[in-house]
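# Tertiary structure, described
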Protein chains: 2
Amino acid sequence: MMSEQSTMPVNPRLYTFLAGQTGKWVITVNKPYIGAAWPSAQRLDIINGDVSPLPTGAAWAIKGVTSNDRYVSHEEKTQLAAKQSALGRPEATHAAIIPIRKNAKWWALTPDDRRAIFEQQSRHNTIGMKYLPAIARRLHHCRDLSVQEPFDFITLFDYEKKDAEAFEELVAALRETEEWEYVDWEIDLRLVRDSA
Amino acid sequence: MMSEQSTMPVNPRLYTFLAGQTGKWVITVNKPYIGAAWPSAQRLDIINGDVSPLPTGAAWAIKGVTSNDRYVSHEEKTQLAAKQSALGRPEATHAAIIPIRKNAKWWALTPDDRRAIFEQQSRHNTIGMKYLPAIARRLHHCRDLSVQEPFDFITLFDYEKKDAEAFEELVAALRETEEWEYVDWEIDLRLVRDSA
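Residues numbered from 1 in each chain as written. Chains lettered and ligands numbered in written order. Predicted model: local features only at pLDDT ≥ 70, side-chain atom pairs only at ≥ 80, totals over all residues. Heavy atoms only, no water.

## Observations regarding the overall build of chain A
Per the secondary structure count, chain A includes five helices and eight strands. Going from N to C terminus, chain A has its helices and strands arranged as β-β-β-β-α-β-α-α-α-β-β-α-β. Taken over C-alpha atoms, the radius of gyration comes to 17 Å for chain A, in line with the 16 Å a tight globule of 196 residues would show. C-alpha extents for chain A along the principal axes are approximately 45 × 45 × 35 Å. (Helix = DSSP H or I, 4+ residues; strand = E, 2+ residues; numbered from the N terminus. Rg over C-alpha atoms; globule rule 2.2 N^0.38 Å.)

What follows is the structure in structure tokens.
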């Protein structure tokens, strides 16, 4: 059973963010917040699985897996679980995809030091909690995939149009924290669901 | 640059453990400690990179990536770094590969709870520290690769022949800890370097 690469199943937690001329989401913003620009595209689809090779007309694809929690405490998780909503609410017509790369200094830190920066100093979970349940969120990890990805994380958010301003507040608050001193590449993608 | 899967570079931290009829290491033991048996093979090579498709004669391949630290504290890392040796010492003619899968209950825990089991209760780092620098170690993570792997971790150890008994003591001590209640599949592979 192990003798052919082609027969190995794709990680069921893998998601592909596939941009091109087609897709359920219209890309309304694509600009770097830190670092180099990212190639433009008109539309995007989010696929649970791998897409390989990319279809004709694809502009780019980035991939990540959902995984076990990394920096949330037991108590925080209980609080988050009580407030959070799932992605894909019919009224959540707006979305954001924020691919991020952290620098080598971050990755060389031990987990206690990373957790201290993440929450004790930067209040990452606490800031996010303020925007629940309006902003739904799913984090994807890219760094330990088999293939080298350009980013370390891809976070997907969705929300109603009326919460778009609150979402930008959340992003701005996180970017003022000490944690963000370790971010060396970050792209702002904003999307609107195609209702056609 | 992102338009072809085939042009994406392999993760530079990816290692393939390739077993078959050829290889630098002779497999002397292959038996399950917990769970189902693993296919037998005569020899094994450890390759920094991907091997795809597998060569003719290959028995199996398992893969993992080295990654950032997950449960070691800053203080413990400093102590470990002062004592540990690197893999590949010429005199380290003996090796062990221990693929492990942990159960869903482990992965659903928050990191503070996992850390408490790992070190406060199970003293995983403390136990490992006693066997430094004789036993060199490298941990590979498999769970967040693009393709579904059979195990969550592959740990590779190497040591001199005279330390083989101490190594088995180390493994036995870890298996008596609370952490091991979360292990649901574990294979013992022992290897001797082919001096021919």
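Structure shown, so let's carry the discussion forward.
## Some points on the interface of chain B and chain A
Every contact between the two is made by 46 residues of chain B and, on the other side, 45 residues of chain A. Applying the counting criterion to the chain B and chain A interface returns four salt bridges. Linking D144 of chain B and R70 of chain A is a salt bridge whose minimum nitrogen-to-oxygen distance equals 2.8 Å. At the surface where chain B touches chain A, the tally comes to 27 residue pairs in polar contact (both at pLDDT 80 or more). Elements represented by at least two residues in the side of chain B that touches chain A include exactly β4 (58-65), α1 (74-83), α2 (104-108) and α3 (111-121) of chain B. Class assignment for the residues of the side of chain B that touches chain A results in 22 nonpolar, twelve polar and twelve charged. (Contact = heavy atoms within 4.5 Å. Salt bridge = Lys/Arg side-chain N within 4 Å of Asp/Glu carboxyl O. Polar contact = N/O pair within 3.5 Å; in protein donor to acceptor, adjacent residues only side chain to side chain. Nonpolar A, V, L, I, M, F, W, Y, C, P; charged D, E, K, R; others polar.)

## Regarding the pairing of strand β7 (residues 153-159) of chain B
Residue and element names in this part refer to chain B. Buried residues dominate β7, accounting for seven of its seven residues. Both faces of β7 are covered, namely the face carrying F153, T155, F157 and Y159 and the face carrying I154, L156 and D158. Relative to β7, strand β5 (residues 94-102) runs antiparallel, the two being bridged by seven bridges. In the sheet register, I100 faces β7, and the bridge partner there is F153. With six bridges joining them, strand β6 (residues 136-141) and β7 adopt antiparallel strand pairing. Its bridge partner lying in β7, L139 is registered against T155. (Buried < 20%, exposed > 50% of the residue type's maximum accessible area, 1.4 Å probe, protein only. Pairing = 2+ DSSP bridges.)

## Considerations on the pattern of salt bridges
All names here are of chain A. Per the counting criterion, the structure on display carries 30 salt bridges over all chains. For K77, the salt bridge goes to D69, with nearest N and O atoms at 2.7 Å. Overlapping salt bridges, with partners in common, bring together E168, R175, E186, D188 and R190 in one network.

## Quick notes on the environment of G57 of chain A
Residues and elements named next belong to chain A. Following the sequence through the fold, G57 ends up in the loop between β3 (43-48) and β4 (58-65). Exposure remark for G57: the relative accessible area of 35% places this residue in the partly exposed category. Along the backbone, G57 and S85 are 28 residues apart, and their C-alpha atoms lie at a distance of 34 Å. Residues in contact with G57, not counting those within four places in the same chain, are G20 and Q21.

## Notes on the relation of the copies chain B and chain A
After a rotation of 180° and a shift along the axis of 0.0 Å, chain B superposes on chain A with an RMSD of 0.0 Å. A rotation of that kind, with that shift, is consistent with a two-fold axis. Across chain B, the smallest distance between a C-alpha and the rotation axis is recorded for L145 of chain B, namely 2.1 Å. Looking at chain B, 98% of its interface residues are interface residues in chain A too, so the copies touch through the same face. (Least-squares fit on C-alpha atoms with pLDDT ≥ 70 in both.)

## Notes on the environment of L132 of chain A
All names here are of chain A. Along the chain, L132 falls in the loop between α4 (124-129) and β6 (136-141). Relative accessible area serves as the criterion here: at 13%, L132 is assigned to the buried category. Along the chain, L132 and D45 lie 87 residues apart, while their C-alpha atoms are 25 Å from each other. What L132 contacts, discounting residues up to four positions off in sequence, is L80, K83 and Q84.

## Quick word on α3 of chain B
Inspection of α3 of chain B places P111, R114, R115, A116, I117, F118 and E119 of chain B among the buried residues, and these make up the whole buried set. Residues of α3 of chain B that are buried make contact with α1, α2 and α4 (124-129) of chain B.

## Quick look at the packing of aromatic side chains
Inspection of the entire model under this criterion finds 20 aromatic pairs over all chains. Here the aromatic rings of W38 of chain A and W60 of chain A are separated by 5.6 Å at their centres, their planes lie at 70°, and the arrangement is edge-to-face. Note that W38 of chain A is positioned in the loop between β2 (25-34) and β3 and W60 of chain A in strand β4, a separation of 22 residues in sequence. Given a relative accessible area of 6%, W38 of chain A falls into the buried group. Put simply, the rings of W38, W60, F151 and W185 of chain A pair up and form one aromatic cluster. The ring of W106 of chain B carries K102 of chain B above its face, with NZ or CZ at 3.8 Å from the centroid. (Phe/Tyr/Trp six-rings, centres within 6.5 Å; stacked < 30°, edge-to-face > 60°. Lys NZ or Arg CZ within 6 Å of the ring centre and 35° of its normal.)

## Notes on the side chain of K63 of chain B
Residue placement: K63 of chain B occurs in strand β4. There is a polar contact of 2.5 Å between the side chain of K63 of chain B and the side chain of D50 of chain B.

## Brief notes about empty space enclosed by the protein
By rolling a water-sized probe across the atoms, one finds the places where empty space is left. Residues and elements named next belong to chain B. The full count for this structure, using the stated rule, is three cavities of 30 Å³ or more. One number sums up the size of the largest cavity: a volume of about 120 Å³. Lining the largest cavity are 14 residues, with R70, W107, H141, R143 and F153 positioned closest to its centre. Residue classes in the lining of the largest cavity are distributed as four nonpolar, three polar and seven charged. (1 Å grid on protein atoms, 1.4 Å probe; cavity = no way out; pocket = protein on both sides within 12 Å on 5 of 7 lines; lining within 4 Å. Points joined across faces, edges and corners; volume = space filled by probe spheres on them.)

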